[in-house]
Amino acid sequence: MAAKIITLVSEIALILLVVLTAVLGDSCDRAKVHKSFGAANLSVPAAKFDPDDVIPEREELIEQLREKDYLITEYKEAAGVPARRVVACKGRQMIDICYELSEKDAPAVFRDYEERWEDYYLLARNGSYVYAISSQTAFRDSGIEGLANLGVQYLRE
């Protein structure tokens, strides 16, 4: 009888441990992503902020990433809408950025990126730009000048 009670208590303890780990682990993962909506990290009033001031031009981005040995692939659409998409990879580093999106199409492309990229350092819709960047190293390599954003930004610790 005592052996059955010990077995039952052990099983209950194991179930509780699994449930707590799942619940706490999930909430800890969510806590690591800082989500900003609207103006974030701006050093000027939102009315004066222009995302073009922090995002390098497409040709400039491609040139500096090639110099850093990234493999560059270009596309003429993203999420089924016209865009100039640049995907750059080097080992585990990745930069995926869309240029020339319309203001109307940028939210749909951002939703596509939310579904596409689970492992990122930065995921953002900044004006009409949408980008996903895998790490701080890739962020530095991208030439994006800071985290100033006018849109949506998810930043993982």
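Not measured: the values here are computed from a predicted model.

### Some points on the environment of Lys76
Relative to the assigned elements, Lys76 resides in strand β2 (residues 71-78). Among the residues examined, Lys76 registers a relative accessible area of 71% and is labelled exposed. The sequence separation of Lys76 and Val86 amounts to 10 residues, and the corresponding C-alpha distance is 9.0 Å. In this structure, Lys76 is in contact with Val81, Pro82 and Ala83, ignoring residues within four places of it in sequence.

### Section: the packing of aromatic side chains
Evaluation of the coordinates by the stated rule reveals 4 aromatic pairs. When the centroid spacing of 5.4 Å and the interplanar angle of 75 degrees are considered together, the rings of Phe110 and Tyr154 count as edge-to-face. Here Tyr154 lies in strand β7 (residues 149-156) and Phe110 lies in helix α3 (residues 106-116), a separation of 44 residues in the sequence. Taking relative accessible area as the criterion, Tyr154 reaches 7% and is therefore assigned buried. Sitting over the face of the ring of Tyr154, Lys35 holds its NZ or CZ atom 4.5 Å from the ring centroid. Geometry around Tyr75 places Arg85 over its ring, the cationic atom sitting 5.2 Å from the centre.

What counts and what doesn't
- Residues numbered from 1 in each chain as written.
- Predicted model: local features only at pLDDT ≥ 70, side-chain atom pairs only at ≥ 80, totals over all residues.
- Heavy atoms only, no water.
- Helix = DSSP H or I, 4+ residues; strand = E, 2+ residues; numbered from the N terminus.
- Buried < 20%, exposed > 50% of the residue type's maximum accessible area, 1.4 Å probe, protein only.
- Contact = heavy atoms within 4.5 Å.
- Phe/Tyr/Trp six-rings, centres within 6.5 Å; stacked < 30°, edge-to-face > 60°.
- Lys NZ or Arg CZ within 6 Å of the ring centre and 35° of its normal.

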